[in-house]
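Structural features, examined
Next come the chains, spelled out residue by residue.
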Amino acid sequence: MTASAPGTAPPAAMTRTEQMLSRPALPLILAMAAPNAIAFLVQGSVSMAEVWFIGHLGTAALAAIALMFPGLMLMQMLANGAIGGALSSSVARALGRGRRDQAEALIWHGVTIAVAAGGLFWLLWWLVGAALLNQLDVTPAVINDALIYGHILFGGSVALWLMGIIAAIYRGMGEMRFPAVVIVLGAFVQIPLSGALILGWAGLPQLGVAGAAISVVLTMGLMAAVLLVRLAGNGQVLQLRLSSLTLQRGLFADIFRVGALASLSPVLTVLAIAAVNVIVSGFGAAALAGYGIAARLEFLLIPMVFGIGAAMTAIVGTNMGAGQVARAEQVGWTGGALAAALTGSVGLLLAIAPGLWVGLFTDDPETFAAGARFLQIVGPVFLFQGLGLALYFGSQGAGFIQWPVFAALVRFVVAIGGASLVAYGFGFGLDAVYACIAAGMLLFGAITASALRLGAWRRALPGQ
């Protein structure tokens, strides 16, 4: 496909692919990221509301949700970010090469992956979920609530995967607005539904933590259905057609060439959160609940950065498909700077005034203190999380994900290895554990940015 020269036509007169190949980087990223950023910020409010609702049930329920939250986030990060991002990259690169038929075939490959992955998560939960929870040094009430939540969440995991994968297809073809609208509308459904099911509003039974899991599954399934129906209609860049239903080994390989390795990053991130849960649980239920509240902020920032990152995956992928590597790198630096500014400003604000966040969810002094210290120590380095995560998404678009994954591995080793050493080896307190988490986050961003500076994306160009 031949790109229009910059400035030869107004953006409205250009196709989405032409805009991604030629429009100035900053306004293009802002225009494409804005719908996603708004949508995921609104969706982040769902997580905040859920914690607030569950906070009315007591510390045990909060601790249970802290234990299960990494599993939920792992599925969402894989479906939207790792595997979904790889699918977006494949779709974008196919469109950059002018291969619409290949891009439409990728839709069915994505649906197949979503169903298989959802089933795999359900199977893994039933095989090892209860056994892992029973190894933790927490009260039976915490374990019971966590098991209830897990049975429902993982039983409906196909809905979460379908939602993430189908939305990723839209983003790969440059359509950011419609999935963003669906996500916003879904949040307006999920928040009252969650409150009603958790606390028993409007005459409904008070289901506690089970209500939180039910609301997630039902809302995700509804959003996935809306996205699929729209994709099957006319007027889209790509269309879901039965004639394209031919599964090809080469297309699966193209997705997993990036997606398999990219999956290690969210897996390591969630394993880190889960491992810190185990370490922090040794300091008591209040410490675990406080850490869970504070750690949710990082997972709220991830969807906000994802708005920028999803745009970067599509733009970088399209430009790499067209052989425009220098422009792809420019997009990477621009998006990385935007993400760092976003997460850095939030982290600095809450490091100074942690009560703005932690105080929303608890008034227990011990729980508040544990959450506040996390923000005071880790908050100042949130900018490196934003930078590294944005460049992770850009690297997916480039089809060269090795360095961000290596950076995630370094983060895991430093954060978890260091936290284990200071807690179990030296008997230090929570502050030392949080300092190790901050050091790992800093290295994640620094290594990922250094790789781009040294030309990592250029290695992917000959294979496009």
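Note that this is a predicted model, so its numbers are computed, not measured. (Residues numbered from 1 in each chain as written. Predicted model: local features only at pLDDT ≥ 70, side-chain atom pairs only at ≥ 80, totals over all residues. Heavy atoms only, no water.)

In terms of helices and strands, the protein carries 17 helices and zero strands. Its C-alpha radius of gyration of 21 Å places the protein within 12% of the 23 Å reference for a compact globule of 464 residues. Judged by the C-alpha coordinates and their principal axes, the protein covers about 60 × 50 × 35 Å. Every one of the 464 residues in the protein was classed for burial, and the buried ones make up 61%. Contacts spanning at least 24 positions in sequence make up 83% of the contacts within the protein whose residues lie at least 6 apart. When the accessible surface of the protein is split by element, carbon and sulfur atoms take 69% of a total near 16,900 Å². Positive and negative side-chain charges of the protein, numbering 19 and 14 respectively, have mean locations separated by a distance of 17 Å. (Helix = DSSP H or I, 4+ residues; strand = E, 2+ residues; numbered from the N terminus. Rg over C-alpha atoms; globule rule 2.2 N^0.38 Å. Buried < 20%, exposed > 50% of the residue type's maximum accessible area, 1.4 Å probe, protein only. Contact = heavy atoms within 4.5 Å. Areas by Shrake-Rupley, 256 points an atom, 1.4 Å probe, with all protein chains shown as cover. Lys, Arg positive; Asp, Glu negative; His and termini not counted. Charge placed at Lys NZ, Arg CZ, Asp CG, Glu CD.)

The next point concerns the packing of aromatic side chains. Scanning all chains against the criterion turns up 13 aromatic pairs. With a centroid separation of 5.8 Å and an interplanar angle of 70 degrees, the aromatic rings of tryptophan 52 and phenylalanine 53 are classed as edge-to-face. Judged by its relative accessible area of 43%, tryptophan 52 is partly exposed. With a centroid separation of 5.3 Å and an interplanar angle of 85 degrees, the aromatic rings of phenylalanine 53 and tryptophan 201 are classed as edge-to-face. (Phe/Tyr/Trp six-rings, centres within 6.5 Å; stacked < 30°, edge-to-face > 60°.)

The next thing to look at is the layout of surface pockets. Approximately 650 Å³ is the volume attributed to the largest pocket. Surrounding the largest pocket, 21 residues form its lining, Leu67, Gly71, Leu132, Phe154 and Ala274 being those nearest its centre. Of all the secondary structure elements, the ones that give two or more residues to the lining of the largest pocket are α3 (59–96), α4 (100–133) and α10 (264–281). Of the residues assigned to the lining of the largest pocket, the class counts are 17 nonpolar, four polar and no charged. Taken as a whole, the second largest pocket holds about 280 Å³ of empty space. Only α1 (16–22) and α2 (25–55) provide two or more residues apiece to the lining of the second largest pocket. Counting residues per element, the lining of the second largest pocket draws most heavily on α2, which supplies four residues. In terms of residue class, the lining of the second largest pocket is built from six nonpolar, two polar and four charged. (1 Å grid on protein atoms, 1.4 Å probe; cavity = no way out; pocket = protein on both sides within 12 Å on 5 of 7 lines; lining within 4 Å. Points joined across faces, edges and corners; volume = space filled by probe spheres on them. Nonpolar A, V, L, I, M, F, W, Y, C, P; charged D, E, K, R; others polar.)

With that out of the way, let us pick up the environment of leucine 442. By the element assignment, leucine 442 lies in helix α17 (residues 430–453). Separated by 64 residues in the primary sequence, leucine 442 and valine 378 have C-alpha atoms spaced 9.5 Å apart. The contact partners of leucine 442, leaving out residues within four places of it in the chain, are Val381 and Phe384.

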